[in-house]
Amino acid sequence: MKLMKNKKAGLSFGFFLILIATTIILGTSFVNGAPGGFYAFVDFKSMMFVLSVGLGITFAREHMFFKTQYAKLLKESFIIAGWLGFLLGFILFLHGCAEMLQASKPLVNDSTFLGLAYSLLPIFYGYNYGYFSEAILTKSVKEKKIVRKELIENEAKNNENDTEKNI
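This is a predicted model, so every value here is computed, not measured.

(A) Spotlight on helix α2 (residues 44–61). Taking 1.5 Å as the rise per residue, α2 with 18 residues should run 26 Å; its terminal C-alpha atoms sit 26 Å apart, in good agreement. Along α2, the residues classified as buried are Ser46, Val50, Gly54, Ile57, Thr58 and Arg61. Burial along α2 is one-sided: seen end-on, the buried residues are contained in an arc of 100°. Seen from the buried face of α2, the exposed residues on the opposite side, beyond 90 degrees, are Phe44 and Lys45.

As structure tokens, this is what we get:
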């Protein structure tokens, strides 16, 4: 069942729903006493890390995929970049904890948990960038004939290569 007849309308409506739902859920959480604010979800360094590493992974691996699979490759690369960002942030968080222990400072303070929170943001960005890029870049179902044509052409090339090897 297809709810939206137009891809742009579907993307716009879907993005709008996600934005509204997230804003309402976070807003009511903060009103009810949850610590933090909307600024806790914005970290420019994490955004740039996920974008640059995700695009780098995509460019490094694009020779292994068909043009029709580019959106899936980009999605997977952004998610991988998010997890790499988490690992780097978590290593920095643990390093900061070790330094506090060596300096005989109290381990539990505001900056300790803030570092842990910021190490989780790249995962959030990676999944968001990945799924949004897949939704935006994937060809619509109406263009299925183009996909089939490319697959048939690639299969014919592979068959030619196989017959040349057998000769």
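There's plenty left to go through after this.
(B) Quick look at the pattern of salt bridges. For the structure shown, the criterion picks out two salt bridges. The closest approach of N and O atoms between Arg61 and Glu76, which form a salt bridge, is 2.9 Å. Taken together, the residues span a long stretch of sequence, with Arg61 in helix α2 and Glu76 in helix α3 (residues 70–102) at a distance of 15 residues. Under the relative-accessibility criterion, Glu76 is labelled partly exposed at 37%. Across the pair Lys75 and Glu134 runs a salt bridge, and its minimum N-O distance is 3.5 Å. In this pair, Lys75 is assigned in helix α3 and Glu134 in helix α4 (residues 110–137), connecting sequence segments 59 residues apart. Each member of the pair Lys75 and Glu134 is classed as buried.

(C) Here's a closer look at the packing of aromatic side chains. One pass over the full model with this rule turns up seven aromatic pairs. Here Trp83 and Phe86 contribute two aromatic rings whose centre-to-centre distance is 5.8 Å and whose plane-to-plane angle is 85°, an arrangement assigned as edge-to-face. Taken together, the residues span about one helical turn, with Trp83 and Phe86 both in helix α3 at a distance of three residues. Ring centres 5.6 Å apart and planes at 25° place the aromatic pair Phe86 and Phe90 in the stacked group. A residue pair is termed a helical-turn pair when its members lie 3 or 4 positions apart in one helix, as Phe86 and Phe90 do in helix α3 at four residues. Using a relative accessible area of 16% as the deciding quantity, one classes Phe86 as buried. Aromatic rings pair up to connect Phe78, Phe124, Tyr125 and Tyr129 into one cluster.

(D) Summary view of helix α1 (residues 7–31). Between its first and last C-alpha atoms α1 spans 36 Å; for 25 residues at 1.5 Å apiece the expected length is 36 Å, and the two agree. One or two steps after α1, the chain reaches Gly33, where phi turns positive at roughly 110°.

Criteria and cut-off values
- Starting afresh in each chain, residues are numbered from 1 along the sequence in its written order.
- For a predicted model such as this one, the threshold for reporting local features is a pLDDT of at least 70, and the threshold for listing and counting side-chain atom pairs is 80 or more; totals across whole chains, interfaces and linings nevertheless cover every residue.
- Calculation of side-chain values draws on the structure's entire complement of heavy atoms; hydrogens and water are dropped beforehand.
- We count a stretch as a helix when DSSP gives it H or I for four or more residues in a row; a strand needs E for two or more, and each element gets its number in order from the N terminus.
- A helix is expected to span 1.5 Å for every residue after the first.
- Burial here depends on accessible area, computed with a 1.4 Å probe over protein chains only, as a share of the maximum for the residue type. Under 20% is buried, over 50% is exposed, and the range in between is partly exposed.
- Arc definition: it is the arc formed by the directions from the helix axis to the C-beta atoms.
- Put simply, a salt bridge is a Lys or Arg side-chain nitrogen that is within 4 Å of an Asp or Glu carboxyl oxygen.
- For Phe, Tyr and Trp, where Trp contributes only its six-membered ring, two rings pair if their centres lie within 6.5 Å, and the inter-plane angle classes them as stacked under 30 degrees, edge-to-face over 60, or tilted in between.

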